Amino acid sequence: MSAENLDALAALIRRERDTLLAEWRREVQQLSVAHNLDVPTLNDHIPDLLEELACELELCSDESMIEGLKENPITHGLDRLRLGFDVEEVVAEYNALRGVIQDLIERHDLRLRGVVNRTINRVIDVSIGLAVKTYAAQKALEIQQRREEHLTFVAHDLRSPLSAIAMAAKLLEATVPDVVKDERASMLLETMHRNVSRLNSLVVKVVREEANLKAQVNEKVERQEVKLRALVEVLVSDLSPLAAASNLCLTNEVPEELTAFADANMLTLIFQNLISNAIDYTPNGEVIVGAKIIKESAFIECWVSDNGAGIPADRLEKVFDKLETDPDKKSGMGLGLAIVKQFAEAHGGEVAVESELGQGSTFRFTIPDKAGVE
């Protein structure tokens, strides 16, 4: 098609703009979500998109869309999400526009080929891509926020009844005379105490992790010199009951001389999450905590290694993602490893994982060993 015909098609789109919009609205209003939308809301950026298409035809180019108008589909995707459109309906809107333009060309007996076809499809397809990408990203963010809020509310609401159960158990134990208590009653009371304590610890952990994830950690890192072996030794001692229950050997191999320049509380949470996870996946096995100075660097590399279940290859890239949980572990919240990543990065460090299914895993992170490292 000649440049003259391209200009003619561009002029036709401008001249028939109102007709094209009316036909397009009739198509879109067949979607139940669009039945009651007024004309300005329904039109949104489509008039601008028609003008953009006309300009692109006049340029007679296979280059990308006019940069200044690319923001419109992004805003359109957000607006359609707010109005209750699903992603298929957003795509359907743009395809309806493609259809009415095709009808216009056929009515005027214009033959569509080559650069014309590519231009029309490119402008509409790029618009679809931008709108859907923004729509999907915002939708995922809203779902994540709702899930976080739900977790926080549930955890908060559980604390009161758990406290009441714990208090009732204590009162019952104090009220029932020792002569009445047989071995079974004592065992039941002990089981109640133990499980209430465990549930309360889980609830506190969820609340703490949620708060940690929402914090602007980069503004809250309080760096100081931290003796790594001593910090890990305290955790090994605290977690030894869990290790004993799993019949595993928990070993601290961090050298005595290593001193990190880090936030001690954050560092404790990093190690705690990694060691707890390793214990959970390594019954009857071995968990080793280690660290070393990275040569010609101002960082220390730390790791927690186990010979447990390992991680499937298709999950390795996602294990540090927020709310990513093991489908085989129903109790997981998907927060612990996200905290490890966030806290390590707050120190200017990195995280990594190596794993082989059935052979075990090694989680690594880096932290500064001297002041002035970001």
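Going by the structure above, here's the rest.
Procedures and definitions
For every chain, the first residue of the written sequence is number 1, and numbering continues from 1 along that sequence. Selection of residues for local features in this predicted model requires a pLDDT of at least 70, selection of side-chain atom pairs for listing and counting requires 80 or more, and totals for whole chains, interfaces and linings are taken over all residues. Excluding hydrogens and water, the side-chain figures rest on all heavy atoms present in the structure. Following DSSP output, two strands are said to pair if at least two bridges run between them. Secondary structure follows DSSP: runs of H or I at least 4 residues long count as helices, runs of E at least 2 residues long count as strands, and numbering of each begins at the N terminus. Lines fitted to C-alpha atoms define the axes, with helix axes restricted to the stretch in contact, and inter-axis angles between N-to-C directions lie between 0 and 180 degrees. Throughout, a contact is declared for two residues whenever any of their heavy atoms are within 4.5 Å. Expected helix span is taken as 1.5 Å per residue step, with the number of steps being one fewer than the number of residues. In this scheme, the bend at a residue equals the angle between the axes fitted to the seven residues that finish there and the seven that begin there. Three exposure classes are used, based on accessible area relative to the maximum for each residue type with a 1.4 Å probe and protein chains only: buried under 20%, partly exposed in between, and exposed over 50%. Put simply, buried Ala, Val, Leu, Ile, Met, Phe, Trp, Tyr and Cys residues joined by side-chain atoms within 4.5 Å make one nonpolar core. When the centres of two rings from Phe, Tyr and Trp lie within 6.5 Å, Trp using its six-membered ring, the rings pair. Their planes under 30 degrees apart give stacked, over 60 give edge-to-face, and anything left gives tilted. Charge-over-ring contacts are defined here by two conditions on Lys NZ or Arg CZ: a distance within 6 Å of the ring centre and an angle within 35 degrees of the ring normal.

*Asks:* How should the sheet that holds strand E6 (residues 351-356) be read in this particular structure?
*Replies:* Strands in a sheet are paired, the pairing made by backbone hydrogen bonds, and the direction either parallel or antiparallel. Here we have five strands laid out as an open sheet, ordered E2-E4-E5-E7-E6, and mixed in their pairing. Since the sheet does not close on itself, it has two edges, and those belong to strand E2 (249-252) and E6, each with one partner. Each strand of the sheet is rotated relative to its neighbour by a mean of 15°, with strand direction disregarded. Judged from the seven bridges that link them, strand E4 (residues 286-293) and strand E5 (residues 299-306) form a sheet pairing that is antiparallel. Across the sheet, the residue bridging to Ile288 is Ser305, located in E5. Those strands touched by helix H9 (residues 228-245) are E2, E4, E5 and strand E7 (360-368), and its axis lies near 170° from that of E2.

*Asks:* Where do I start with H9 in this structure?
*Replies:* Spacing of three or four residues puts side chains on the same side of an α-helix, whose turn is 3.6 residues. With 18 residues, H9 ought to run about 26 Å at 1.5 Å a step, and its terminal C-alpha atoms sit 26 Å apart, in line with that. Bending of H9 peaks at approximately 50° at the position of Leu239, with proline Pro241 no more than four residues after it. Listed as buried for H9 are Leu228, Leu231, Val232, Leu235, Val236, Leu239 and Ala243. Just downstream of H9 lies Asn247, where phi reads positive at about 55°.

*Asks:* What exactly am I supposed to notice about unusual backbone geometry here?
*Replies:* Glycine aside, the phi torsion of most residues is negative, and most peptide linkages are trans. Although it is not a glycine, Asp44 adopts a positive phi angle of roughly 45°. With respect to the element layout, Asp44 can be found in the loop between helix H3 (39-43) and helix H4 (46-59). The class for Asp44 is partly exposed, based on a relative accessible area of 29%. Phi at Asn247 takes a positive value of approximately 55°, unusual for a residue other than glycine. Here Asn247 shows up in the loop between H9 and E2.

*Asks:* Honestly, the nonpolar core in this entry has me stumped. Any pointers?
*Replies:* The tendency in soluble globular proteins is for nonpolar side chains to be buried side by side. Ranked by internal contacts, the top residues of the largest apolar core, which has 44 residues, are Leu228, Leu250, Leu267, Phe271, Ile275 and Phe365. The element best represented in this core is helix H10 (residues 264-280), accounting for 10 residues. With sequence-adjacent residues up to four places away left out, Phe365 is seen in contact with Leu267, Ile270, Phe271, Leu274, Ile300, Glu301, Cys302, Ala344, Glu350 and Val351. Of all hydrophobic cores here, the second largest spans 36 residues; its members include Ala34, Leu37, Val116 and Val123.

*Asks:* Explain the packing of aromatic side chains here, please?
*Replies:* What characterises a pair of aromatic rings is the spacing of the ring centres plus the angle enclosed by the ring planes. Per the stated rule, a full pass over the model turns up two aromatic pairs. Taken together, a centroid distance of 5.9 Å and an interplanar angle of 85° make the contact between Phe320 and Phe363 edge-to-face. A residue pair is termed long-range when its members are at least 10 positions apart, and Phe320 in the loop between E5 and helix H11 (336-346) and Phe363 in strand E7 qualify at 43 residues. Note on accessibility: Phe320 and Phe363 belong to one class, buried. The ring of Phe85 carries the charged tip of Arg80 above its face, separated from the ring centre by 4.9 Å.

Treat this as a map of the structure, not an account of what it does.
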